[in-house]
There are 2 protein chains.
Amino acid sequence: MRPTTRLLACALLAALPALAFAAPYRSAQQILDASPASDWRTLDPANTLYLELASGRVVIELAPQFAPEHAANIRTLAREHFWDNTSIYRAQDNFVVQFGDADADDAAKAKPMGSAKTHLPAEFARPSRGLAFSRLPDSDGWAKEVGFVDGFPVGRDGANGQTWLAHCYGAVGAGRNNAPDSSVGAELYVVIGQSPRQLDNNITVVGRVVKGMELLSATPRGPEPMGFYEDAAQRTPIRAIKLASEVPEGERTPLQLLRTDSQTFRDVAEARRNRVDDFYKRPAGHIDLCNVALPVRTPK
Amino acid sequence: MRPTTRLLACALLAALPALAFAAPYRSAQQILDASPASDWRTLDPANTLYLELASGRVVIELAPQFAPEHAANIRTLAREHFWDNTSIYRAQDNFVVQFGDADADDAAKAKPMGSAKTHLPAEFARPSRGLAFSRLPDSDGWAKEVGFVDGFPVGRDGANGQTWLAHCYGAVGAGRNNAPDSSVGAELYVVIGQSPRQLDNNITVVGRVVKGMELLSATPRGPEPMGFYEDAAQRTPIRAIKLASEVPEGERTPLQLLRTDSQTFRDVAEARRNRVDDFYKRPAGHIDLCNVALPVRTPK
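What counts and how
- Residues numbered from 1 in each chain as written.
- Chains lettered and ligands numbered in written order.
- Predicted model: local features only at pLDDT ≥ 70, side-chain atom pairs only at ≥ 80, totals over all residues.
- Heavy atoms only, no water.
- Helix = DSSP H or I, 4+ residues; strand = E, 2+ residues; numbered from the N terminus.
- Rg over C-alpha atoms; globule rule 2.2 N^0.38 Å.
- Buried < 20%, exposed > 50% of the residue type's maximum accessible area, 1.4 Å probe, protein only.
- Contact = heavy atoms within 4.5 Å.
- Areas by Shrake-Rupley, 256 points an atom, 1.4 Å probe, with all protein chains shown as cover.
- UniProt positions renumbered as here; feature names shortened; annotations may be inferred.
- Phe/Tyr/Trp six-rings, centres within 6.5 Å; stacked < 30°, edge-to-face > 60°.
- Lys NZ or Arg CZ within 6 Å of the ring centre and 35° of its normal.
- Pairing = 2+ DSSP bridges.
- 1 Å grid on protein atoms, 1.4 Å probe; cavity = no way out; pocket = protein on both sides within 12 Å on 5 of 7 lines; lining within 4 Å.
- Points joined across faces, edges and corners; volume = space filled by probe spheres on them.
- Nonpolar A, V, L, I, M, F, W, Y, C, P; charged D, E, K, R; others polar.

### Concerning the overall build of chain A
At step 1: From N to C terminus, chain A includes 5 helices and 16 strands.
At step 2: Taken over C-alpha atoms, the radius of gyration comes to 20 Å for chain A, in line with the 19 Å a tight globule of 300 residues would show.
At step 3: For chain A, the spread of C-alpha atoms along the principal axes amounts to about 70 × 55 × 40 Å.
At step 4: Within chain A, buried positions represent 57% of all 300 residues.
At step 5: In chain A, of all internal contacts separated by at least 6 residues, the share reaching a separation of at least 24 is 71%.
At step 6: With the model as given, the accessible surface of chain A reaches about 12000 Å², and the carbon-plus-sulfur share is 51%.

Laid out in structure tokens, this is it:
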């Protein structure tokens, strides 16, 4: 009989009692299935973006608690339809897709920004004070401490009292020029590869994709340096980016996100840190910040 | 003037003297440009696979020093045209694409394996003895030590004397069933997302993609669980997987890979660990194993 490979990850879904004398291992899915409704939250429509592509909708949660000025400007730009008929004009393999106005750097052609601000402060990090931080106990090479705040993966430095959003898969950042305060939130990028944590504390992260990553990550990579497309026909058209609060309720995407300060979340991370099932032969005993799943579900 | 965003990474390419009293910072590209020819190696055609897609060629370097039995079987399968007219039948976002015989688990339809072996030992790790290990000084949560052997990122454990290939972006592994020795090298997967290092020491890694990742990573994700496509028309056809040594020399892809035991390689890693340029405001002071670039170039 030929070995089959369909079960590469299936085994993760099948929980098996690990040791007769220990509590039975529960898979991440079993833990989620048994979670109380109170462990889940919904998105605030006023801080949720819908990036509308021909292939579907990408849902982005903004992080105004980390980047209030950028979030406010993005809300203005969305309300004023800035992104209608713009494009994904860059896709660099193992790094980012970037979207907005492909002519942003050509003063003669750049789209007007309406009532949005044309200058914002850098919002790379913020004081830890006032944030509910759920620490991940695992070591991290990039930050003294890592964990989660309101569903976002973060780094933290006790010495300077700062916390910042981490560049994990799906992170949404505000493109900038060399000046730290040169981003305005009009040109956004999304991480589609190995987490480029070297960007942490160097760019303003404004949120993260909570649904629809596969619509961005499968974008054909741009042939020019850094993944740009000189040929406009190769860019992916963006129909619009809308605030969920501006979309009729019946057209919104209902989602529930697991609270990262819940016991369920900690249990899911532990189930992944030390997998006990038919497939895994050696539990890792560790999980990296950007490998922790941030569960999202569609309510029944 | 609207800030522009085209320079998100351009600054990496522009080296600037950092401090008047220190050695001038050199960018990774400048270091590569100044490297001696002896720091580069070519691929062994007998251990190089060409995965031929309609969109182009993916070049894979096999690692027989880590998985000799799998590499030998893969060479046999390639020589006997096993993969002609097979497909990429799975693309799971932020995880892997998988390819080979989509009917592998249907005994009635599975492709015959010719003279290839139908059973191989698990080759998850091997003794460190005999390997030239270039240690990366940075901390790692998944392994006691990490570094490079012959161009491959690896983990190492001094306590048990073992070294293993790490599941970084582009790693090629042999799909298996639950039994550790159930892979035969016919069904292969490639990491296309955040490095799933929990698979280290749990699956036989057989090599890595050295060119053409963007042809795999942009594969539309499969709609079924784990990224499979029930609809065969959605799969990406594979024309063939050939050994480079079986391809006429004029049709081979000439490549040079930076030796990971060279000073140039260490210098490039350091240039990325502590970036000093107009763009970066805060050097990371760290680099993760799977963030270290493995430079490849086409000879002039």
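Continuing now.
### As for helix H5 (residues 263-273) of chain B
At step 1: Of all the residues in H5 of chain B, the buried ones are Thr264, Phe265, Val268, Ala269, Ala271 and Arg273 of chain B.
At step 2: Here the buried face of H5 of chain B lies against helix H2 (28-33), strand S7 (133-136), strand S8 (145-149) and strand S15 (256-258) of chain B.

### A short note on the UniProt feature "domain: PPIase cyclophilin-type" (unreviewed entry) in chain A
At step 1: Residues annotated in UniProt with the feature "domain: PPIase cyclophilin-type" (unreviewed entry) correspond here to residues 56-245 of chain A.
At step 2: Between the first and last C-alpha atoms of residues 56-245 of chain A the distance is 18 Å; the span itself is 9% helix and 33% strand.

### Digging into unusual backbone geometry
Residues and elements named next belong to chain A.
At step 1: Look at Asp150: it is not a glycine, yet its phi comes out positive at around 50 degrees.
At step 2: On the secondary structure map, Asp150 appears in the loop between strand S8 (145-149) and strand S9 (152-157).
At step 3: Despite not being glycine, Met226 has its phi angle at roughly 65 degrees, a positive value.
At step 4: Take Met226: it is sitting in the loop between helix H4 (213-217) and strand S14 (236-243).

### Comments concerning the packing of aromatic side chains
Residue and element names in this part refer to chain A.
At step 1: The tally for this structure, following the rule as stated, stands at 8 aromatic pairs over all chains.
At step 2: Between Tyr89 and Phe228 the ring centres are 6.2 Å apart and the planes differ by 5 degrees, which places this aromatic pair in the stacked class. Here Phe228 lies in the loop between H4 and S14 and Tyr89 lies in strand S4 (residues 86-92), a separation of 139 residues in the sequence. Accessibility classification places Tyr89 together with Phe228 in one group, the buried group.
At step 3: The positively charged end of Arg208 is found above the aromatic ring belonging to Phe152, 5.9 Å away from the centroid.
At step 4: Lying across the ring of Trp40, Arg297 places its NZ or CZ 3.8 Å from the centre.

### A short note on the pairing of strand S3 (residues 56-62) of chain A
Residue and element names in this part refer to chain A.
At step 1: Within S3, 5 of the 7 residues are buried, which leaves the element mostly enclosed by the surrounding structure.
At step 2: Relative to S3, strand S2 (residues 48-53) runs antiparallel, the two being bridged by 6 bridges. Within the sheet, the bridge partner assigned to Leu53 lies in S3 and is Gly56.
At step 3: Where S2 folds back onto S3 in an antiparallel hairpin, the turn is made up of 2 residues.
At step 4: In this sheet, strand S13 (residues 205-211) lies alongside S3 in antiparallel orientation, the contact comprising 4 bridges. Note on S13: the bridge partner recorded for Glu61 is Arg208.

### Quick notes on empty space enclosed by the protein
At step 1: Here the structure, examined in full by the defined rule, presents 11 cavities of 30 Å³ or more.
At step 2: Here the largest cavity is characterised by a volume of approximately 90 Å³.
At step 3: If you trace the largest cavity, you find 14 residues lining it, with Asp140, Gly141, Trp142 and Asp288 of chain A together with Asp288 of chain B closest to the centre.
At step 4: For the lining of the largest cavity, the class distribution of residues is 3 nonpolar, 6 polar and 5 charged.

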